[in-house]
Amino acid sequence: MKRIAGIGNALTDMLVNMPDDTILAKYGLAKGSMNLVGADLQTAVSKAVAGSPYTLSLGGSAGNTIRALASLGYATGFIGEVGHDTTGDFFEQALRNLDIEPRIFRGTQRSGKCVSLISPDGERTMLTHLGAALEMRPDMIGRRLFAGYDCLYIEGYLVQDHALIERIASEADAAGIDVAIDLASFNVVEENRDLLRSVVEKHVDIVFANESEAAAFTGEQQPLNALQAISEMCSLAVVKIGTRGAIIKRGCEVVHVGIMAAAQRVDTTGAGDFYAAGFLAGLCDGLSLRQCGTLGAIAAGKVIEIVGTTLGKEAWSDMRMLFERVRNDKYLF
């Protein structure tokens, strides 16, 4: 595995640092919540916070994973759909700036955006309008879309369009590349369990899930039992178990890898996305399962030290140094 493409909802994150929580009260937004909203409400809130400091960055679950891999020096691409607008232009140019190959469709709706309102205490309240990201259709997906890649990483949220995710997984499988999927969230898994199981059993090689997602997917409440059940459907199963780390199974091999202690636990947003990036980086380098899990833990540990998922140069440099240490420590692994 050398080149990895991601496919998912193409979203731009707008992170707004608020002086207080007045806006949340004005619009009846529960602090810390994630809200799927219409374009009108998102626009109204954006206008209400005009003047507050903000930053723009690539977002979306698969987008976070691919961006992390690219920032670590791996060859990547991203497949998604944006609108014919300045936000869509920003998204595509941001991919190019990171040397991520853009395989981007342009839809009729406005580009998807997630407005994250950051309270003074660091809590994030998110308003997401998917917009053009929802316009990607099954007939747009063919195996030529995956040409030149060794692995496709699928964002689990796409499962809400059953025909689309079936088409993506089957075409990638037919293209002869590895197919990896992150199960996204336990409620999404519960609502689409039968379809997800069918897709995984037929076409998927690697599954990432946290404890609650694994339980919803398999019906097994004990993580080890859930890991075993998932491993019977695919080649490699990863179940993240919170502060206890992760358990990983490939064939007869089972390993447990602990977490990396963060300097400070500021915001867990993107932790799962970055874990997948670290783990896939290890697979690209041909490392052991224990090393792959350790790289995943390092990446997740770094991103929870900041608000959002945009790390500074020093953090990326630290992560690369730690990665290199794991690659070279033959005695530990």
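In case you missed it, the structure is sitting above this.
Presented here is an overview of the structure given in this document. Bear in mind the structure is a predicted one, so any value in this text is a computation, not a measurement.

Some remarks on the packing of helix α8 (residues 211–218) against helix α9 (residues 223–231)
Stage number 1. Put simply, α8 and α9 touch, their axes get as near as 9 Å, and they point 60° apart. In terms of orientation, α8 and α9 fall into the oblique class. Note on packing geometry: the crossing formed by α8 with α9 is left-handed. Counted together, Glu211, Ala214, Phe217 and Thr218 of α8 and Pro223, Ala226, Ala229 and Ile230 of α9 form the full contact between these two elements.

Some details on the packing of helix α3 (residues 61–71) against helix α10 (residues 271–284)
Stage number 1. One way to put it is that α3 packs onto α10 with a least axis distance of 8 Å and a crossing angle of 45°. By the angle between their axes, α3 is oblique relative to α10. Note that α3 runs across α10; the crossing there is right-handed. Between α3 and α10, the residues in contact are Ser61, Asn64, Thr65, Ala68 and Leu69 and Asp273, Phe274, Ala276, Ala277, Leu280 and Ala281, respectively.

Overview of the environment of alanine 30
Stage number 1. By secondary structure assignment, the location of alanine 30 is in the loop between α1 (22–26) and β3 (34–36).
Stage number 2. Along the backbone, alanine 30 and threonine 125 are 95 residues apart, and their C-alpha atoms lie at a distance of 7.4 Å.

Notes on the pattern of salt bridges
Stage number 1. All chains considered together, the criterion is met by 14 salt bridges.
Stage number 2. Each of the salt bridges in this network shares a partner with another, and the network as a whole consists of Asp89, Glu92, Arg96 and Arg106.

Brief notes about α8
An α-helix turns once every 3.6 residues. As a result, residues three or four positions apart point the same way.
Stage number 1. Burial of α8 is extensive: six of the eight residues sit out of reach of the surface.
Stage number 2. For α8, the full list of buried residues reads Glu213, Ala214, Ala215, Ala216, Phe217 and Thr218.
Stage number 3. Looking at the buried positions of α8, the neighbouring elements they touch are β10 (178–182), α6 (186–191), α7 (193–203), β11 (206–210), α9 and β12 (236–240).
Stage number 4. Glycine 219 lies just past α8 and shows a positive phi near 85°.

Observations concerning helix α5 (residues 162–174)
Stage number 1. For α5, with 13 residues, the first-to-last C-alpha span of 18 Å sits near the 18 Å given by 1.5 Å per residue.
Stage number 2. Along α5, the positions that sit buried rather than exposed are Leu164, Ile165, Ile168, Ala169, Glu171 and Ala172.
Stage number 3. Here the buried face of α5 lies against β1 (3–7), β9 (151–155), β10 and α7.
Stage number 4. Following α5 by one or two positions, glycine 176 adopts a phi angle in the positive range, close to 80°.

So, the pairing of strand β14 (residues 253–257)
Stage number 1. Sheet topology places strand β13 (residues 246–250) next to β14; five bridges connect them, and they run antiparallel. Looking across to β14, one finds that isoleucine 247 is bridged to histidine 256.
Stage number 2. Where β13 folds back on β14, the antiparallel hairpin that results is connected by two residues, among which glycine 251 adopts a positive phi of roughly 60°.

Quick look at the side chain of lysine 113
Stage number 1. Position of lysine 113 among the secondary structure elements: in strand β7 (residues 112–118).
Stage number 2. Setting aside residues up to four positions removed in sequence, lysine 113 forms contacts with Leu11, Thr12, Met14, Gln42, Thr87, Leu127, Thr128 and His129.

Remarks on the sheet that holds strand β2 (residues 11–17)
Stage number 1. In space, the five strands of this open sheet follow the order β3-β8-β7-β2-β4, with mixed pairing throughout. Only two strands of the sheet have a single partner each, and these edge strands are β3 and β4 (54–59). When strand polarity is set aside, the average angle formed by the axes of neighbouring strands in this sheet is 20°.
Stage number 2. Two strands pair when backbone bridges link them, and β7 and strand β8 (residues 124–129) are joined in this way by six bridges, in the antiparallel orientation. Among the inter-strand pairings, valine 115 is bridged to a residue of β8, identified as leucine 127.
Stage number 3. Contacting β2, β4 and β7, helix α4 (residues 86–97) runs over the sheet at an angle of about 65° to β4.

Section: the packing of aromatic side chains
Stage number 1. Across all of its chains, the model carries five aromatic pairs by this definition.
Stage number 2. For the ring pair phenylalanine 208 and phenylalanine 279, a centre distance of 5.6 Å and an interplane angle of 85° mean the geometry is edge-to-face. In this pair, phenylalanine 208 sits in strand β11 while phenylalanine 279 sits in helix α10, placing the two residues 71 residues apart along the sequence.
Stage number 3. Each ring, one from phenylalanine 274 and one from tryptophan 316, has its centre 6.0 Å from the other, and the planes form 20°; the classification is stacked. Here the residue phenylalanine 274 occupies a position in helix α10, and tryptophan 316 occupies one in helix α12 (residues 313–328), the gap between them amounting to 42 residues.

Calculation criteria
- Residues numbered from 1 in each chain as written.
- Predicted model: local features only at pLDDT ≥ 70, side-chain atom pairs only at ≥ 80, totals over all residues.
- Heavy atoms only, no water.
- Axes fitted to C-alpha atoms, helices over the stretch in contact; angles between N-to-C directions.
- Helix = DSSP H or I, 4+ residues; strand = E, 2+ residues; numbered from the N terminus.
- Parallel < 35°, antiparallel > 145°, perpendicular 65-115°, else oblique.
- Left-handed = near helix turned anticlockwise from the far one by under 90°.
- Contact = heavy atoms within 4.5 Å.
- Salt bridge = Lys/Arg side-chain N within 4 Å of Asp/Glu carboxyl O.
- Buried < 20%, exposed > 50% of the residue type's maximum accessible area, 1.4 Å probe, protein only.
- Expected span 1.5 Å × (residues − 1).
- Pairing = 2+ DSSP bridges.
- Phe/Tyr/Trp six-rings, centres within 6.5 Å; stacked < 30°, edge-to-face > 60°.

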